[in-house]
Amino acid sequence: MSLRSDIEQWDKKAVQPIAKAYNAHASSPSFIEDLLDMLTEPTLEVGVSWMLKHAIEADDLVGESLAPEQLTALYRDATKLTHWESKLHLLQIMEFLPIPSRAKSNAERFVRDGLDSEHKFVRAWAFSGMHALATNHPAYQAEAETLFEQAVSGENEPPSVKARVRKLIKRGFPDSN
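Being a predicted model, the structure only gives us computed values, none of them experimental.

A.B. asks: Just to check I follow, could you spell out helix α2 (residues 15-25) for this structure?
C.D. replies: Owing to its 3.6 residues per turn, the α-helix aligns residues three or four sequence positions apart on the same side. Those residues of α2 that sit buried are I18, A19, A21, Y22 and H25. Projected down its long axis, α2 carries its buried residues within an arc of 160 degrees, all on one side. Looking at α2, the residues exposed on the side facing more than 90 degrees away from the buried face are Q16, K20, N23 and A24. Buried residues belonging to α2 abut α1 (3-9), α3 (31-38) and α4 (45-57).

A.B. asks: For this particular structure, what's the right way to read helix α10 (residues 159-171)?
C.D. replies: Here α10 is 13 residues long and its end C-alpha atoms lie 18 Å apart, about the 18 Å a rise of 1.5 Å per residue gives. Buried within α10 are the following residues: V161, K162, R164, V165 and L168. For α10, the angular spread of buried residues about the axis comes to 160 degrees, placing them on one side. Exposed and facing more than 90 degrees away from the buried side of α10 are P159, K167 and K170. Its buried side turned inward, α10 meets α8 (120-136) and α9 (141-153). Once α10 finishes, G172 follows within two positions and takes phi at roughly 70 degrees, a positive value.

A.B. asks: What should I look at first to understand the pattern of salt bridges in this one?
C.D. replies: Once their charged atoms are close, side chains differing in charge can pair, the charge on each being opposite to the other. In total, this model carries 10 salt bridges according to the counting rule given. Note that R171 and E95 form a salt bridge whose closest N and O atoms lie 3.3 Å from each other. Of this pair, R171 sits in helix α10 while E95 sits in the loop between α6 (84-93) and α7 (104-115), placing them 76 residues apart in sequence. Taking the relative accessible area as the measure of exposure, R171 reaches 41% and is therefore partly exposed. Taking the shortest distance from any N to any O, the salt bridge between R112 and E108 comes out at 2.8 Å. One end of the pair is R112 and the other is E108, both in helix α7 and four residues apart, which spans about a single turn. Under the relative-accessibility criterion, R112 is labelled partly exposed at 27%. Each member of the salt-bridge network shares a partner with another, and the members are R76, D77 and K80.

A.B. asks: Would you mind going over the packing of α3 against helix α5 (residues 68-78) with me for this structure?
C.D. replies: The axes of two packed helices give the description: the angle between them and the distance between them. Relative to each other, α3 and α5 sit at 30 degrees, their axes nearing to 10 Å. On the basis of their axis angle, the class for α3 and α5 is roughly parallel. For the pair α3 and α5, the crossing hand works out as left-handed. Counting all contacts with α3, which are made through I32, E33 and L36, the residues of α5 involved are Q70, L74 and D77. Its residues assigned to classes, the contact of α3 with α5 comprises three nonpolar, one polar and two charged.

The rules behind each value
- Residues numbered from 1 in each chain as written.
- Predicted model: local features only at pLDDT ≥ 70, side-chain atom pairs only at ≥ 80, totals over all residues.
- Heavy atoms only, no water.
- Buried < 20%, exposed > 50% of the residue type's maximum accessible area, 1.4 Å probe, protein only.
- Helix = DSSP H or I, 4+ residues; strand = E, 2+ residues; numbered from the N terminus.
- Arc of directions from axis to C-beta.
- Contact = heavy atoms within 4.5 Å.
- Expected span 1.5 Å × (residues − 1).
- Salt bridge = Lys/Arg side-chain N within 4 Å of Asp/Glu carboxyl O.
- Axes fitted to C-alpha atoms, helices over the stretch in contact; angles between N-to-C directions.
- Parallel < 35°, antiparallel > 145°, perpendicular 65-115°, else oblique.
- Left-handed = near helix turned anticlockwise from the far one by under 90°.
- Nonpolar A, V, L, I, M, F, W, Y, C, P; charged D, E, K, R; others polar.

And the structure:
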């Protein structure tokens, strides 16, 4: 079966079938490019984003192995995602991916959208996305620090979001500690 067919047939719940599909296709030289090409298709975005995240977690893909054009396309396409799970997957891998200058505005838009999400896990990981943005582009550090402090000191965020933000505060930024 094709990568597209395998993703289309996934029920978006059981991990074993999507992991099996990943294993069947990951060695293809065009695998990552194929995933990036399919990312914004609403019926595929959750499976595609799961595979991108899995590639990072399995060390099959490191951010530096993506060309700047691919990263720019990834962040552009991230702003077009419609499903909260696909947004979550990409927010969870932002810390491992460089954010080229050309992608900065789309990465920022993607992160800010996540910060406004009704899904607490998306919000929690959007703070991680803000950390990645500020790490890659230090002009965002002061704003990120302010957002982090507001999140942990306010009453609007659930404990899971506050816990994630506390970890980011502890991590700090390069040259800030």
